[in-house]
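# Secondary and tertiary structure notes
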Amino acid sequence: MTQIQFLDVGWTYKTLAAKMDAAAKRVLESGWYVLGNEVKAFEKEFALYTGANHCIGTGNGLDSLELALRAAGVGAGDDVIVPSNTFIATWLAVTRTGANIIPVEPIEATYNIDPEKLEQALTPDTKAIIPVHLYGQPADMDKIMAFAEEHSLFVVTDAAQAHGAVYKGKMIGTLGHAAAFSFYPGKNLGAFGDGGAITTTDADLAKRIRSIGNYGSSEKYVHETLGFNSRLDELQAAFLRVKLDVLDDWNWRRRNIADIYLKGLKDTPLILPVVPQWAQPIWHLFVVRCEGRKGLITHLKENGIHTAIHYPTPPHKQGAYKHMGHLSLPISEAIHREVVSLPIGPHMTAEQAEYVVKTINEFYH
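Here's a quick rundown of the structure.

What counts, and where the lines are drawn
Residues numbered from 1 in each chain as written. Predicted model: local features only at pLDDT ≥ 70, side-chain atom pairs only at ≥ 80, totals over all residues. Heavy atoms only, no water. Phe/Tyr/Trp six-rings, centres within 6.5 Å; stacked < 30°, edge-to-face > 60°. Helix = DSSP H or I, 4+ residues; strand = E, 2+ residues; numbered from the N terminus. Buried < 20%, exposed > 50% of the residue type's maximum accessible area, 1.4 Å probe, protein only. Pairing = 2+ DSSP bridges. Axes fitted to C-alpha atoms, helices over the stretch in contact; angles between N-to-C directions. Contact = heavy atoms within 4.5 Å.

Counted according to the given criterion, the structure contains 15 aromatic pairs. Aromatic pair Trp11 and Trp250: ring centres 5.0 Å apart, planes at 50 degrees, arrangement tilted. Here Trp11 is found in helix H1 (residues 9-15), whereas its partner Trp250 is found in helix H10 (residues 247-264), with 239 residues between them in sequence. Taking relative accessible area as the criterion, Trp11 reaches 18% and is therefore assigned buried. Overall, Trp250 belongs to the buried group, its relative accessible area being 5%. When the centroid spacing of 5.5 Å and the interplanar angle of 15 degrees are considered together, the rings of Phe42 and Phe46 count as stacked. Here Phe42 and its partner Phe46 are both found in helix H3 (residues 37-50), four residues apart, which amounts to about one turn of the helix. By the ring-pair criterion, three or more aromatic residues cluster together here, those being Phe42, Phe46, Tyr49, Phe181 and Phe183.

Written out as structure tokens, the structure is:
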């Protein structure tokens, strides 16, 4: 039977094995494993790729968000507007600074935060907004930034799923005051372990971020602030440099698969992703919605097609946020009950995507 994996991280190594092995050898032989030349080179290359002036490597995507918030002065007593529909890391970053979460419902068609609902979420203590480019689709940043500028709010975009996505001709990474990236292995630009980065055009903000993530230190053994240890390591930076070279090509492969899905599934009852004219998503995930998803998931699995659910439970219904469980966020709750993520990635062929389409159409007809 045909087997289509939802994710195949091993494929990425096998495809780039010679270059990955050379990168690892280069680092191991250098004798320098923390904050060395590989990190410096990757930061320069990723800043150039995103169009940002500065890139700071971090330990992971969650740290990227928290570091950006802390560098902007967000802390206890502040309110931060976040999407109600997102992975919990977006919320955790706010909580870790001591600030309060103010959730805002998404636009159902795009799953991203609804700019029209920001006004009603504003409080006298609101200090920041975290728009998420969920599933690799850009949020509507012009409207969000106009609102933020009107109310003097800091904006850090959660770009953990959006490496290479484009908004109105502009690369994700420079649309807010800062952008937080994750390099978790399953991301479009994924390491072989954890890692993250922050991009910004603000030199002062970049300096503060770098200091906070390095024990609050800009100079060895001189600690200006209460910082913590969150640094991209040399080995992961070397691997990411190899993968950055193929990122656009691999994103193109994802777009090709997404096009096959959008065309081939348009006559099914599935609710398909909607892409605004101004957005060029990179399809980190291809998420559809359907009632009674269990039957579809079972049918696909029986035919060798592996799926996932991103995400089964919204943040306000998680035990970590049980004090917010009383909130009524019906759009997010409906989304989390109905979403199914179809396999997508550079490891897939067009023929495999067509097989997924054929199998889903058989289920509904």
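What follows picks up the thread again.
This next bit is on the sheet that holds strand S8 (residues 178-182). Sheet architecture is open: seven strands sit in the order S1-S9-S8-S5-S4-S2-S3, paired in mixed fashion. Where the open sheet ends on each side, the last strands, each with one partner, are strand S1 (54-58) and strand S3 (100-104). Adjacent strand axes in the sheet meet at a mean angle of 25 degrees when their direction is disregarded. With three bridges connecting them, strand S2 (residues 79-83) and strand S4 (residues 126-129) associate as parallel partners. Its bridge partner being in S4, Ile81 is matched across the sheet by Ile129. On top of the sheet, helix H8 (residues 203-212) reaches S1, strand S5 (154-158), S8 and strand S9 (196-200); it is set at about 15 degrees to S1, its chief contact.

Further remarks concern the sheet that holds strand S6 (residues 166-167). Here three strands make up an open sheet; going across it, the order is S7-S6-S12 and the pairing antiparallel. Across the chains shown, the open sheet's two edge strands, defined by having one partner strand only, are strand S7 (170-171) and strand S12 (279-280). When S6 meets S7, the two strands line up antiparallel, connected through two bridges. Directly across from Tyr167, in S7, lies its bridge partner Lys170.

A word on unusual backbone geometry. The peptide bond linking His310 to Tyr311 adopts the cis configuration, its omega dihedral lying at 15 degrees. For Tyr311, the position within the fold is in the loop between helix H11 (293-302) and helix H12 (330-338). Even without being a glycine, Tyr135 presents a positive backbone phi close to 65 degrees. With respect to the helices and strands, the residue Tyr135 is situated in the loop between S4 and helix H7 (141-150).

All right, on to the side chain of Thr359 then. Residue placement: Thr359 occurs in helix H13 (residues 350-364). When residues no more than four places from it in sequence are discounted, the contact partners of Thr359 are His299, Leu300, Asn303 and Ile305.

Judged by how many residues are buried, S9 sits mostly within the fold: five of five residues are covered. Alternating residues of S9 divide into Gly196, Ile198 and Thr200 and Ala197 and Thr199, and every residue in both groups is buried. One ladder, built from five bridges, connects S1 with S9; its direction is antiparallel. Along S9, the bridge assignment pairs Ile56 with Ile198. As paired strands, S8 and S9 are joined by four bridges and run antiparallel to one another. Across the sheet, Ala180 pairs through a bridge with Ile198, a residue of S9.

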